[in-house]
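Structural overview for review
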Amino acid sequence: MKISTLHELFLESDGISTDTRKIKNNTIFFALKGGNFDGNSYADEALSKGASHAVIDDPNYKTSEKHILVKDVLETLQHLATYHREYLDTPIIALTGSNGKTTTKELIASVLSSSFNTKATKGNLNNHIGVPLTLLSMNKQTEIGVVEMGANHQGEIAALSDIAKPNYGYITNIGKAHLEGFGGIEGVLKGKTELYKHLKKHNKQIFLNIDDPKLVNAAAGIKTYRFSKNEDSDVQIKFEKAAPNVVVSYDQQEIQSNLVGSYNFTNIAAAIAIGNYFKINPAKIKTAIESYTPTNNRSQVIERDNYTIILDAYNANPTSMEAAIYNFEQFEGGTKVVFLGDMFELGVEAEIEHQRIADLITNTATDKIYLIGSNFFKTKGTDTRVQRLENFEDLAHQLDIPNSNTQILIKGSRGMKLERILDLL
């Protein structure tokens, strides 16, 4: 079946389904494959639950006209998404980076939604499946799309850019994330800036934080809209304080965010700059930033009994871990307790980076330190404030925290599930 014909069926449908547990009437089921399942085997179930058609790539499962046989279901989903994106011709802002992608995406969407019908990536559905699904969630009423792009090896951002064909791009930063897949920090820079290369090739534009020299160098020769703490840019956003929530000033007004940590300044500034580019009223930008509250274990501030908890357990890498530690060091008063969980996907750098972070935290004025996970367990040190635990299950037996006026930082990779610490407190 031609993509144009499939697109006509899509326009007549009520959207795309990839999970039979969430099938809705008149959706098109795409029988994707995974490591432990073959979506083709669920095609009949999808149809019985109300799907209008089932897209499959195994001829053994084609038993009716409602089964659409293609060479590869995933490629078909991606091609359909690109076809739909070109059909709509909606301006697309793509963003990637080592840290802060999802928070920045949510902030940008909040600002743009104050004046435009905006559709953005849900959660962190930012991969080769999530990006197509985001594009296919847009319709003729969508005025601006915000598409987050994630990657853990080179070539992924280039492929996602070819699918989404963005008009604008933004890279949050270049840090020590997914070092194993990218092959070191230079590999991260090369992989993330594939977005820049795509935009340059198609004469499109980037939003650029000119306070970041790595990104400034990578942006040479590309149309830019620049923001900075300094006046020498298209828009100036000043950092005021983070005590603990970040406060910035823009257009002679102070903006009080609900985000903790000075490292969130750039995320906020990017959203303000993009709102300014699209000529959104500064008062609306202020309201949008101030109304955004982080969720999903990202830089959340939780007040519980006599504890103030900074929960940042959605993900971690050496760059974000270091930033979280430095930020927590600025907090004043009370007992300070830190829980750090293993950082994943560091490859040969894992031992060095975990030891570096262990050394860093022991050089702060922290009262108790819990290092959790097989990598942190192997680190060396004689500081009596430190408890090294090979796994989370050992933590319950070692936990000893004062229950009055205590400030707590929880930071680790998603696989560590350190939000479980809340149940132990």
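Quick summary incoming for the structure in this document. (Residues numbered from 1 in each chain as written. Predicted model: local features only at pLDDT ≥ 70, side-chain atom pairs only at ≥ 80, totals over all residues. Heavy atoms only, no water.)

1. Here we look at the environment of Arg304
If you trace the backbone, Arg304 turns up in strand 17 (residues 300-304). The exposure class of Arg304 is partly exposed, given its relative accessible area of 28%. Separated by 118 residues in the primary sequence, Arg304 and Leu422 place their C-alpha atoms 9.4 Å from one another. In contact with Arg304, other than residues within four places in its own chain, are Ile309, Leu422, Asp423 and Leu425. (Helix = DSSP H or I, 4+ residues; strand = E, 2+ residues; numbered from the N terminus. Buried < 20%, exposed > 50% of the residue type's maximum accessible area, 1.4 Å probe, protein only. Contact = heavy atoms within 4.5 Å.)

2. A look at the pairing of strand 15 (residues 245-250)
Burial of strand 15 is extensive: 5 of the 6 residues sit out of reach of the surface. As paired strands, strand 14 (residues 238-242) and strand 15 are joined by 4 bridges and run antiparallel to one another. What sits directly across from Lys238, in strand 15, is Ser249. Linkage of strand 14 to strand 15, two consecutive antiparallel strands, is achieved through a turn of 2 residues. Note: strand 15 against strand 16 (residues 253-260), 5 bridges, orientation antiparallel. Within strand 16, the position partnered with Val247 by the bridge is Gln256. Remark: 2 residues form the turn of the hairpin made by strand 15 and strand 16, two consecutive strands paired antiparallel; Asp251 in that turn has positive phi of roughly 55 degrees. (Pairing = 2+ DSSP bridges.)

3. Considering helix 9 (residues 194-201)
By the burial criterion, the buried members of helix 9 are Glu194, Leu195, Tyr196, His198 and Leu199. Of the surrounding elements, those touching the buried residues of helix 9 are strand 7 (92-96), helix 6 (156-164), strand 10 (168-171), helix 8 (185-192), strand 11 (205-209) and helix 10 (213-218). Asn203, located one to two residues past helix 9, shows a positive phi value of around 55 degrees.

4. Description of the environment of Tyr225
Looking at the secondary structure, you find Tyr225 in strand 12 (residues 223-228). Overall, Tyr225 belongs to the buried group, its relative accessible area being 13%. In contact with Tyr225, other than residues within four places in its own chain, are Gln205, Ile206, Phe207, Leu208, Asp234, Val235, Ala273, Asn276 and Tyr277. A polar contact of 2.6 Å, which involves the side chain of Tyr225, links it to the side chain of Asn276. (Polar contact = N/O pair within 3.5 Å; in protein donor to acceptor, adjacent residues only side chain to side chain.)

5. A closer look at the sheet that holds strand 6 (residues 67-69)
Strands pair in a sheet through their backbones, by hydrogen bonds, and they do so in one of two ways: parallel or antiparallel. Here we have 4 strands laid out as an open sheet, ordered 1-2-5-6, and parallel in their pairing. The sheet is open, and its two edges are formed by strand 1 (16-17) and strand 6, each paired on a single side. Sheet topology places strand 5 (residues 53-56) next to strand 6; 3 bridges connect them, and they run parallel. The partner of Val55 across the bridge, within strand 6, is Ile68. Strands strand 1, strand 2 (28-30), strand 5 and strand 6 of the sheet are contacted by helix 1 (residues 3-12), whose axis makes an angle of about 125 degrees with strand 2. (Axes fitted to C-alpha atoms, helices over the stretch in contact; angles between N-to-C directions.)

6. So, helix 13 (residues 318-329)
The periodicity of an α-helix, 3.6 residues per turn, causes residues three or four positions apart to be oriented the same way. Here helix 13 is 12 residues long and its end C-alpha atoms lie 17 Å apart, about the 16 Å a rise of 1.5 Å per residue gives. Within the span of helix 13, buried status applies to Pro318, Ser320, Met321, Ala324, Ile325, Asn327 and Phe328. The N-cap of helix 13, judged by a side-chain oxygen 3.0 Å from the amide nitrogen of Thr319 a few residues on, is Asn317. (Expected span 1.5 Å × (residues − 1).)

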